[in-house]
Amino acid sequence: DGGRWPWAVKPEQRGEGEVLAPLKEILSRAEQGDFLSGDGCTWAGHPDCFARPALTFHTLATLLDDLEEHGYHLWAFPVLALQLQLAEAFEGPALSAAIACLANLRLSRLAAECRLGDAAAAAATRWAEALKQIP
């Protein structure tokens, strides 16, 4: 329905600036709410990558979803390693353990799907230990 979703409107039915207006508004509100840095750039090598662990975790989780969806399971392993390292940046041992548990759960599943039995078992042991630390 073109009336309900601005991005679904046919190009001949909208003006040039109308296409990006909703995106510009969303990004401007996110920047005002201090959810985005001033340059709007979030990537794993950015100097402020670990300054906002929750945003970085979400970005990496989205990247992992995309890699898995497109069949690049082996490319997900370095991203999972980075996510495990990121878990240490979260405040509080319970939150850090929860993030590590999520990353190890995914690592265990992906390793099993790639027939990496030893890696899957090691990750399963780590998530089981992390799960005990979560209140």
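Here, the structure is the one placed above.
Described in the following lines is the structure provided in the data block.

What follows concerns the overall build of the protein. Within the protein one finds five helices and zero strands. Expressed as a percentage of its 135 residues, the buried residues of the protein come to 28%. Restricting to contacts in the protein with at least 6 residues of sequence separation, those with at least 24 account for 43%. Surface exposure of the protein reaches about 9200 Å², of which carbon and sulfur atoms provide 60%.

Moving on: the environment of leucine 86. For leucine 86, the location among the structural elements is in helix 3 (residues 73–87). With relative accessibility at 0%, the residue leucine 86 sits in the buried group. Once the C-alpha coordinates of leucine 86 and alanine 100 are considered, the two residues, 14 residues apart in sequence, prove to be 8.5 Å apart.

Looking now at the packing of helix 2 (residues 53–69) against helix 3. Two packed helices can be described by the angle between their axes and the distance between those axes. Between helix 2 and helix 3, whose axes approach to 9 Å, the crossing angle comes to 165 degrees. When the axes of helix 2 and helix 3 are compared, the pair comes out roughly antiparallel. For the pair helix 2 and helix 3, the crossing hand works out as left-handed. Residues Pro53, Thr56, Phe57, Leu60, Ala61, Leu63, Leu64, Leu67 and Glu68 of helix 2 touch helix 3, and the partners they reach there are His73, Trp75, Ala76, Val79, Leu80, Leu82, Gln83 and Leu86.

Our next topic: the nonpolar core. Of all hydrophobic cores here, the largest spans 19 residues; its most connected members are Phe77 and Leu80. Contributing elements (two or more residues each) for this core: helix 2, helix 3, helix 4 (93–113) and helix 5 (117–133). Residue contributions to this core peak at seven residues, all from helix 3. The contacts of leucine 80, once residues within four sequence positions are left out, are Leu64, Ala103, Arg106, Leu107 and Leu110.

Unusually for a residue other than glycine, arginine 115 sits at a positive phi of about 60 degrees. Its location among the elements puts arginine 115 in the loop between helix 4 and helix 5.

Assignment of secondary structure puts serine 96 in helix 4. In this structure serine 96 comes out as buried when scored by relative accessible area, which is 17%. Non-local contacts of serine 96, meaning those with residues more than four positions away in its chain, are made with Ala87, Glu88 and Phe90.

Right, let's get into the pattern of salt bridges. Enumeration over the complete set of coordinates arrives at four salt bridges. Notably, a salt bridge pairs arginine 109 with glutamate 68, separated by 2.6 Å at the nearest N-O pair. One end of the pair, arginine 109, is in helix 4; the other, glutamate 68, is in helix 2, with 41 residues separating them in the sequence. Owing to a relative accessible area of 33%, arginine 109 belongs among the partly exposed residues under this scheme. Note that glutamate 113 and arginine 109 form a salt bridge whose closest N and O atoms lie 3.2 Å from each other. Taken together, the positions of glutamate 113 and arginine 109, both in helix 4 and four residues apart, correspond to about one turn of that helix. Among the charged side chains, a salt-bridge network with shared partners connects Asp65, Glu68, Arg106, Arg109 and Glu113.

The rules behind these values
Residues numbered from 1 in each chain as written. Predicted model: local features only at pLDDT ≥ 70, side-chain atom pairs only at ≥ 80, totals over all residues. Heavy atoms only, no water. Helix = DSSP H or I, 4+ residues; strand = E, 2+ residues; numbered from the N terminus. Buried < 20%, exposed > 50% of the residue type's maximum accessible area, 1.4 Å probe, protein only. Contact = heavy atoms within 4.5 Å. Areas by Shrake-Rupley, 256 points an atom, 1.4 Å probe, with all protein chains shown as cover. Axes fitted to C-alpha atoms, helices over the stretch in contact; angles between N-to-C directions. Parallel < 35°, antiparallel > 145°, perpendicular 65-115°, else oblique. Left-handed = near helix turned anticlockwise from the far one by under 90°. Core = buried A, V, L, I, M, F, W, Y, C linked by side-chain atoms within 4.5 Å. Salt bridge = Lys/Arg side-chain N within 4 Å of Asp/Glu carboxyl O.

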